[in-house]
Structure formats: C-alpha cells, structure tokens
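The chain contents come next:
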Amino acid sequence: MQSNSAKDDSDEMEIIPSEHNGTVHETKNEDSGDIHRAEENQKSSIDPNLYLYDDDLATRPHISTFISSIANYENTIPAATDPDAKPAAPSARMGTLIGVFLPCIQNIFGVILFIRLTWVVGTAGAVCGFLIVLTCCCVTMLTAISMSAIATNGVVPAGGSYFMISRSLGPEFGGAVGMLFYTGTTLAAAMYIVGAVEIVLTYMAPWASIFGDFTKDAEAMYNNFRVYGTILLIFMGLIVFVGVKFVNKFATVALACVILSIIAVYVGIFDNIHGNEKLYMCVLGNRLLKDIPLDNCTKGDPFMVDIYCPDGKCDEYYLAHNVTRVKGIKGLASGVFYDNIYPSFLEKGQFISYGKNPSDIENTSGQTYNQIMADITTSFTLLIGIFFPSVTGIMAGSNRSGDLADAQKSIPIGTICAILTTSTVYLSSVMFFAGTVDNLLLRDKFGQSIGGKLVVANIAWPNQWVILIGSFLSTLGAGLQSLTGAPRLLQAIARDEIIPFLAPFAKSSSRGEPTRALLLTLVICQGGILLGNVDLLAPLLSMFFLMCYGFVNLACAVQTLLRTPNWRPRFKFYHWSLSLIGLTLCISVMIMTSWYFALIAMGMAIIIYKYIEYRGAEKEWGDGIRGMALTAARYSLLRLEEGPPHTKNWRPQILVLSKLNDNLLPKYRKIFSFATQLKAGKGLTICVSVIKGDHTKIANKAVDAKSTLRKYMTDEKVKGFCDVLVAQQIGEGLSSVVQTIGLGGMKPNTVIVGWPYSWRQEGRNSWKTFIQTVRTVAACHMALLVPKGINFYPESNHKAIGGNIDIWWIVHDGGLLMLLPFLLKQHRTWRNCKLRIFTVAQIEDNSIQMKKDLKTFLYHLRIEADVEVVEMNNSDISAYTYERTLMMEQRNQMLRALGLNKKENSKVGQTIMDFKETSSDNKLSLVQTIVDHHYDATKTASKVRFADPTIEEIQNHDSQNDEKRNSIDLDGLDQEDTPETTSNKDESTEKAGGDLKSSVKPDEFNVRRMHTAIKLNEVIVEKSQDAQLVIMNLPGPPREVRAERESNYMEFLEVLTEGLEKVLMVRGGGREVITIYS
C-alpha cells in the first residue's frame, strides 16, 4: 500500500503488516489513517530501546525469539512428511539402560553364540579363537567410538548409521551405506531364521525332516532349512505386518531368554568343573565317529564289524586302530585347555581327528563310513567372517535416539558398555569352552557324535532345554527386530529422495506402516533363506556390516581431520587415528574373509554411489566430503606456483567474455561451443558477462543473468564457472574482470572475446571497449582469441567435419598459433581436419630454406601439418589502397566535425560504401557526399547491407538468396556485416583514387598499414578461402589512445579479414607456450 500523505515520512512507515498489503482505500484520509494505525501497531510491538533496529526486526528475529527456537529444537534434519501416515505418538523418554544398553545387548548376542562359537573355538584353537573374537570386538569398539563422536555432534534423528553417515559424508555415501545397512539387516533376518530352523530340526525335532536323514546328506539338511525357513519367514512377516506392538513386547521376552541362557552356560561351566559323565563320544583311533551307540562302541562289536567290514573286507584304518569311548565335557580341572590351544583347520572332506597326522585326517580308502568330516574348508579369515555377525547390533541405541531423554549422553555410554559386556562374555566363553570341552566335540559342528545334541546346551545348567528354548526364542526375536527395522530404514532412504527408483517405498499404509518396503524386505530375505546355510549367510552379511562400520569410521576421521567449525562432539574420547585404524580393520577383515563377497559389497556400494551422483536429487547436508574437497582444493591452490607455469605445463585456462543482449541472454551461443572444443572437456573455463548499471539496483538482474549463463554453459557442455559483474561502464567492468578473475595459480591465461561487428554503427563506444579489452589482456600477459564469423563455427555435437585448418604464421608470439589447432583437433568435431601452415617470405628471404626449417620445427613439435611459404614481392602501393585509406580518414574527420549521433553514424558509413560501389561517373566529391547526406540529400542505393543481429531477420528477409560472403554475420560482441571489397580495381577506380589523392593526401602511416592489410588479405583469400578455419596473428592495437588511430585499427582488421567466413585472430601473451623438449 502506498501512502498519499506527505506529513509522515519516517522510516517506521515502511514496516506495514502484510494483511494491509494490496488494500485500496477510497479516500486519502482513510489511507493515511490506516498507515498511521499500522505505524502505531508496529511501534507498539517494538521495545522502545530497539527502535534503531526496527527495519531489521521486520525480517530478522529478535534474539529472545531466536534463543527460544534453539532451546526447543528437537531435530536437526526434519523428517519427510507422509500425508497417509498417522501422527506419531509422543515418544517415551528412556534412559541409558533401557534405551541403549539392553537393546544393544539383545542385538549383539545372537544365534552364532549358541550354534557356532564352540565350533569356532575348536577349529581355531584357544589362541586363534581369542584373536578372532578380539579382532571382531576391536572393530565394533573403534566403530562405537567414532559413532559416539558423530552422535554427540548435535542432535541425531532416528535412522542410525544411515543418517549419521549421510549427513557427515553426503548423500552419495549416505545412500550407498544406507542401502548396504538395509541389505545387511535383511540378510541378518534370513540368517536368524535359518539359525532358528537349524536349532529346531537339528537339536529339538530331527524327526520333522521332510528330506530324509540329513545327518548323512548335507544337501537334505539345507533343503529342510529352505522349506521350513520359507514357512517361518511368511509367519514372521505376517506378525510384523499385523502386529508391530507384539514384536516390541516380544523383544523383552527374547532379551530375558538371552540373558538367562548366558547365565545358565556360565553356571553350567562351573557346575561341570570336573567333567560330565552324561556325554561320551566314540572314537576310532584318532577319528571321531557318529551314530554309534555307546554300548556298541567296541572294536569287536558286531555293529562296528558290519559297518567297517562289509562283504568280509575290513577297512585298513579300522584294522589298525582301536575304538574307545571319550568323555565329551571334561571340565576346567581336567587340563583339556592345553589340548585346545592350537588350531585344527581342515579342508572340505577331511576327517575330524586328534592332531594333524595325514593318515588320520585324509580319506585314503574313499569310504566315509560313520566318520565325521569337515563340511567346509576352514581358515582363520573365514572364521572371522562367520563369527562377525555375533558382534553386530551396536547401532541399536543410535536407532532409538528420538526416544532417549538425553541421546548425547546415553548413546556413547550405553553402546560402549554394551560392547564391553558382550566382548567380555565372548572372550571368556572362548577360554571356558577351550578349557571345558574335548577338542573333537568342539569341532563337531552339529553334535552328531553325541546324538545330535547342541554342545552349549549340554554344558548349561540345569539341562539342555534351557538353552534350546532360550536360543530359539532369542533368535526369533532378533529376526523379528530385523524384519521390523529394515523396512523402516528403506522407507527413510526413500523419503530422502536421493535414490529416485525407491520413491514408491516412501509410502506408508493407512496404519502408518511401511507395507511396500516390508514386501521388498521379505523378497530379499527369501533370497537369503534359499542359500540355506548359516555358514554362507554369515560371511555375506558380514561384508555389508563391515562396509557400514568402515564408513562410520571414515566419517569421523574426515570430520576430525578437516577440523570443520561445526565439528564439536560432546564425546571427547576419540581420535582420528583410532577411526583410521577401525577403517583399516574393516577393509582388512573384508578382504581376508572373502574377497569375492567383499567385491560384491563394494560393487554394490559403487553402483549406488554413481547412480545417486548422476540420477539422484541434489541434497545439501553440509557433509564432510564437500569440506574435504574444499580442503583439497585449498591445498592444491597453495602448492600451485604463483608465477607462470613451466612451458611444458602450459595449457589454456580460458576466460570467455560473453556479451548479453537486452533480454540478458548471451548473444552468441557458439562462443561457448568454441570454448568447449578448444578445451576438449578438460581444464578450467570461466564465463563472465558485464552488465552496465548500479549493482544495488539491479542485483536481481545479475542473478538471473548468471542463471541463464550457467544454463548456456550446461547446454554447450562447458565445464567451468560463470559469473556476472555489474559496473558503471562496460569497459571498466571488463578490465576489472580480466585483472582480478581467478585464484592463486588458477588464473585464466587466455581470453576469448567476440568481434564488435557493428563498430561502424555504434561509433567510438563499441571499438573503444574492444580495444581497451585488447590492451588490458596484453598488459596482463594473457593470450587473446578473437573469433570472427563465430555463428558459422560448427556446433560441439556436430559430426566430424573435413577440410583444412589454415594457420597464417606472420609473427611468432609464443607458439600459440601452433598449439591452438592441435587442441582443436583433440575434439571430435575438428578431428578429421588437416593442418596447413602458411608463412610469408619477403624478397630477400630464402623461401626454400624457410620451408625446410619450418618442417623441421614441426617435426620436433610432433605436429603433422602441410607447410607452404608464400612469397610477397615488394610492389607499388595501388590506387585502391589510397582510396580505402582516404575513405577511412575522411570518414573519421567528418564524424568528428559533425558530431553525428549513432543513427547518422551508421548512415554515413553506408554512404561511404555506396560511394565506393558506384561508378566513377556518378561519384561526387567524397566530402560533398557526406555533407549532402547529413542534410538528407538523395543518395544512391547500396549493395552492402549493415544490420544488427536482433533485427536481421526482419530487415533482410528479402536477401536470403545472397551469396554467403555478402550475408550478415551474426556473432561477436556487436553485429554488422563486413563490406565486401571490390577486387576489380579497374581504370575508373584508379581514376577516382587519383582524384581523391589530388584533393587530399592521406597519411603515409595509414597508407602503409592499409597496403599491408590489402596485400595480406589478397594472399589469404586466394589460399584459404575454402578453409574450415583460418587462424592468424592479431596485430597489436595502436599505442596512441586517439579515436582516429583506434578507428583506423578496426578498419585495418576489417580489410585483413575480408572475404573469409571463419577467422580466429590470435595474440599471444608474450611467453612461450609450446616446446620441442620432452
């Protein structure tokens, strides 16, 4: 609303509530009254002590409001909203024990503890088994330290490692790690399900097998796991789909089962300190046997004879060794620990036996009988991969950060205490198992030697069912937790919109559940179940968790080393070296465990990373990778030489000066294409435009112009930067850009500026800006490229053109003329062009020797080109030269004398050209012609057209069939056609020239330069008229800053390039840019 009142002009009048905007009042009194009331209301809302800041308070919050908003801030990254989801219920404010410690305990203790730890200890031995567990625990402990630092560096929303990494390392890394974490969690659910089925079928209900006796056929066992695992997956999926509340309640039961089972194992170990008489194994020599009743465990028993002596021929090993019964659980007091110190790694198919005697472990007879064999080839690294899932689950606390009363305190304490607790249990269990159980029984993976019983269950107190039921329920609980958490993690990634094809999974059901994500999770989980073997699933999912933990360590190390101002964790017990050690351990364990599984995980991460980089939405999360890029750039800039680089390292770093039209659009698109072709997609390119005006008033226009400039660069595939400068004068702005653009050693060394085609029409301002730019570039020791006829240049996406690139090497100014065509030929557009180099020989030069020397020089430069030496004899200055010179000088004199405006300037230029085109009989005195035209005298029609490109289509619609040399060129800084020079210098022309010379004698300085320009032009047109591009030296501008000299300079350049369609004028920066040395 605008005020009509003149009495109130205070600054407070500008602060008017938005509801008054646009209101129209009928009278001035009402209008003024509303303004007054608005002013009073505004003043009443401002503290009397703050009137000085009333303008700022309209757009910036008062400090009290700002502090209040910070104090009540709940989430650093707002969660994506879903209109279909129900409002979330108020979260419980849990403490460290309930919110972090116990969930981590539940997730860390898993199925591997009960069904594989004893086998790992027996196979690896006490020492190597201890190292395996210690390595895995060190990985998780170092990761927990890094995670604690990240989690305490501000508020972390729910989402665990995905949110922490994505906000620390950026959306590309975050999305890749998020998908790895999701895949690992899903495969963990498959492992828990297969483990639960293994506990039931192997140890609780072996009679339920539907594929026969699986103790004799491993494939039958795995097929059972696949079938029952699929059934269990469907059942658990329905539970997750229907009743998430049940899953959360069941988690408490599962946690209680885990804790009770571990306590029962510890009590059982000390209860059986002297051994257990209930478990005996049957051993043939040193080999462990299965399915042999203890009553028949004697060598002469008919049961044994029937097995080992079929058809009356006995096995040689059976004949050579005795059959004995060995106590399975010997107790800590027995000293069996010393028998279990060393590893007993086996290859698949070897017999389980005491010692490493080949006669005991190798199957020489080809028959297995009832002897237990190794079902997989074991090694130290493989066992790490199998055991590692037992230590995962450390993210459970950070996943619940939204439900914690003080997440920054609870997450570090709870997670680290949970890892210390579980590590103590695992490490002590290794020692206790090695000191309690016989070596053969420890290595019996499925307890076949003791009737298919679980070894850990038979150690526990009071009986095995405590462990069997507890392990089964805890495994089910862990599987349900994985099936509940994985879909929500996938939904969180989808809602971040960084992976476009995951968009459908961002939807929630009417109950607020991620149903679509759950279905995908069940499908992936089914794929894991079809593997059917815990020993295959464990190393695979270990890869995904190790990748995830490695990125957590990387995130912490990067943030610490960069020392970003925002990196201020409350958790102080971290160091970048610990994070790097954790990262190294993760990578080492991955490669050692299973290099092909590691490649699968890494390949998946790389594919997702590149997909997000090219197709994902751009997110700005203030991540550390951008900070790392900034630090690397700073380091590189500081190392770059401040001075010019060595000649061998010289390459064009281009500054493109692009003129804008009245709509703030670049007038000549192909100047960007030319820059792209010259760089062949490499190097630094900066595009700058200058707008005339006051920056405070047209700042928005500058922003819009920069956006347009960036779009043009993107369309033409120019890799670089752009900017727009607002200056009071265009020339001064261009001078400032040339002098100050760049940073340190990354300053442009080559400037591309368009040719001012309408310099005759626009007068001094046009050529003054151009020549001032040429002088500034020369003073800055930068190379200058002036493309003329730019709109005839090929597009960057144009198919390869044939023909010649002609270089007219008149003077040597650093070898840039040699380097430019070579660089252009690197681009596919110019690749098929041939190079031709022309040089000019005077009468006293040895042209044959010049050609030979030039070929040698090109050979050393490794540049292939045809060479031609053009001989230019000294000739008398022609009448035509005098005519052109006199026309140029008298035009300058009349323009200065008459002070013509821009429009009249254009008409005079046209009249001069008309005078040249008409016959000698019709020519008036040149001076009289100009004067008559100034007073609107009738003039002769012209064949030469002058036009601005913006109106070219309208004014020249009837001229579409003209020859190309007479057509209007559309490019450069301004637009005007170069008048075609009449090459037919007949007697009438000479007569006119004689008349002109007799009336006014032209300046000898100008005559000589015009003579050079005409003669060179004649030779160049003769040799290179059909060339795809003509590259020549740009003569230097006049040293005298006089309008006449500058105008003459522009005329000389016009004459020099007449009759050529595509010309590139080059002026070196005064230093060598090409060398013959390696």
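It should be noted that the structure appears before, not after, this text.
Residues numbered from 1 in each chain as written. Predicted model: local features only at pLDDT ≥ 70, side-chain atom pairs only at ≥ 80, totals over all residues. Heavy atoms only, no water.

Counting buried residues in strand β8 (residues 783–788) gives six out of six residues, a clear majority hidden from the surface. Here β8 shows two buried faces, one formed by A783, L785 and P787 and the other by L784, V786 and K788. Direction of pairing for strand β7 (residues 750–753) relative to β8: parallel, over a ladder of three bridges. Residue T750 lies in a different strand from β8, and its bridge partner there is A783. Alignment of β8 against strand β13 (residues 1063–1067), held across five bridges, turns out to be antiparallel. Each bridged residue has a counterpart across the sheet, and for K788 the counterpart in β13 is V1063. (Buried < 20%, exposed > 50% of the residue type's maximum accessible area, 1.4 Å probe, protein only. Helix = DSSP H or I, 4+ residues; strand = E, 2+ residues; numbered from the N terminus. Pairing = 2+ DSSP bridges.)

Under the criterion given, the structure shown has two disulfides. Here C309 is linked by a disulfide to C314, with a sulfur-sulfur distance of 1.7 Å. Judged by the sign of its S-S torsion, about 110 degrees, the cystine formed by C309 and C314 is right-handed. C309 sits in the buried class, given a relative accessible area of 12%. (Disulfide = S-S within 2.5 Å.)

Right, let's get into the layout of surface pockets. Picture a little ball the size of a water molecule; that probe, rolled over the atoms, points out where space is still empty. Taken as a whole, the second largest pocket spans an internal volume of roughly 990 Å³. For the second largest pocket, the lining is made up of 46 residues, of which A218, M373, A374, D375 and I376 are closest to its centre. Taken together, the elements giving at least two residues each to the lining of the second largest pocket come down to α6 (117–151), α9 (218–242), α14 (380–387), α21 (534–562), α22 (576–593) and α23 (595–615). It is α9 that provides the largest number of residues to the lining of the second largest pocket, a total of four residues. Split by residue class, the lining of the second largest pocket holds 22 nonpolar, 13 polar and 11 charged. (1 Å grid on protein atoms, 1.4 Å probe; cavity = no way out; pocket = protein on both sides within 12 Å on 5 of 7 lines; lining within 4 Å. Points joined across faces, edges and corners; volume = space filled by probe spheres on them. Nonpolar A, V, L, I, M, F, W, Y, C, P; charged D, E, K, R; others polar.)

This next bit is on the packing of α14 against α22. Each pair of packed helices gets described by two things: the angle between the helix axes and the distance between those axes. Two numbers describe how α14 lies on α22: the axes approach to 8 Å, and their chain directions differ by 115 degrees. Of the possible angle classes, the one that applies to α14 and α22 is roughly perpendicular. Handedness of the crossing formed by α14 with α22: left-handed. Packed against α14, whose contacting residues are T381, L382, I384 and G385, the element α22 presents V589, M592 and T593 at the interface. Across the contact of α14 with α22, the residue classes tally to four nonpolar, three polar and no charged. (Axes fitted to C-alpha atoms, helices over the stretch in contact; angles between N-to-C directions. Parallel < 35°, antiparallel > 145°, perpendicular 65-115°, else oblique. Left-handed = near helix turned anticlockwise from the far one by under 90°. Contact = heavy atoms within 4.5 Å.)

Moving on, we come to unusual backbone geometry. It is generally the case that most residues other than glycine have a negative phi and that most peptide bonds are trans. For the peptide bond that leads from W461 to P462, omega is 5 degrees, which places it in the cis range. Looking at where P462 falls in the secondary structure, it is placed in the loop between α18 (455–459) and α19 (464–495). At Y369, a position not held by glycine, the phi torsion is positive, near 50 degrees. Examined against the element boundaries, Y369 turns out to sit in the loop between α13 (358–361) and α14. Of note, the phi angle at E497 is positive, near 60 degrees, even though the residue is not glycine. Along the polypeptide, E497 turns up in the loop between α19 and α20 (515–531). In this structure E497 comes out as exposed when scored by relative accessible area, which is 51%.

The residue G451 is located in the loop between α17 (439–443) and α18 in this model. The exposure class assigned to G451 is exposed, which follows from its relative accessible area of 65%. For the pair G451 and T202, spaced 249 residues apart in the sequence, the C-alpha separation amounts to 9.9 Å.

As a further point, take the pattern of salt bridges. If you walk through the whole model with that rule in mind, you get 15 salt bridges. K445 is the salt-bridge partner of D535, the closest N and O atoms lying 2.5 Å from each other. Taken together, the residues span a long stretch of sequence, with D535 in helix α21 and K445 in the loop between α17 and α18 at a distance of 90 residues. Looking at D535, the relative accessible area reads 4%, which means it is buried. One connected set of salt bridges, linked through shared partners, spans R116, E198, D375, K445 and D535. (Salt bridge = Lys/Arg side-chain N within 4 Å of Asp/Glu carboxyl O.)

This brings us to the nonpolar core. In terms of nonpolar packing, the biggest core is built from 171 residues, with M191, F387, Y426, F433, I467 and Y549 touching the most fellow members. Looking at this core, the element that brings in the most residues is helix α8 (residues 171–204), giving 20 residues. Filtering out sequence-adjacent residues up to four positions away, F433 remains in contact with L117, T118, V121, V265, I269, L442, V456 and I459. In terms of nonpolar packing, the next biggest core, distinct from the first, is built from 51 residues, F674, I752, L816 and I837 among them. (Core = buried A, V, L, I, M, F, W, Y, C linked by side-chain atoms within 4.5 Å.)

Turning our eyes to something else, we now look at the sheet that holds strand β12 (residues 1029–1033). Across a sheet, paired strands are connected by hydrogen bonds in the backbone, their directions being either parallel or antiparallel. One open sheet accounts for 10 strands, arranged β6-β5-β4-β7-β8-β13-β12-β9-β10-β11; its pairing is mixed. In this open sheet, the two strands that pair with only one neighbour each are β6 (721–727) and β11 (866–871). Mean inter-strand twist for the sheet, computed between neighbouring axes without regard to direction, equals 20 degrees. With four bridges connecting them, β12 and β13 associate as parallel partners. What sits directly across from V1030, in β13, is V1063. The strands touched by helix α31 (residues 847–861) are β9 (804–809), β10 (834–841) and β11; relative to β11, the strand with the most contacts, the crossing angle is about 150 degrees.

Aromatic rings considered in pairs are described by the distance between their centres and by the relative angle of their planes. All told, the structure shown has 21 aromatic pairs when counted by the stated rule. Taking the centre distance of 5.5 Å and the plane angle of 70 degrees together, the rings of F270 and F432 count as edge-to-face. Here F432 lies in helix α16 (residues 407–436) and F270 lies in helix α10 (residues 244–271), a separation of 162 residues in the sequence. With a centroid separation of 5.2 Å and 80 degrees between ring planes, the pair formed by F387 and Y426 is classed as edge-to-face. A residue pair is termed long-range when its members are at least 10 positions apart, and F387 in helix α14 and Y426 in helix α16 qualify at 39 residues. By relative accessible area, F387 is classed as buried at 0%. Taking relative accessible area as the criterion, Y426 reaches 0% and is therefore assigned buried. What links up through ring pairs into an aromatic cluster is the set F181, F388, F545 and Y549. One Lys or Arg, K445, reaches over the ring of W119 and ends 4.3 Å from the middle of that ring. For the cation-ring pair, R669 lies above Y712, with the distance from its terminal atom to the ring centre recorded as 4.3 Å. (Phe/Tyr/Trp six-rings, centres within 6.5 Å; stacked < 30°, edge-to-face > 60°. Lys NZ or Arg CZ within 6 Å of the ring centre and 35° of its normal.)

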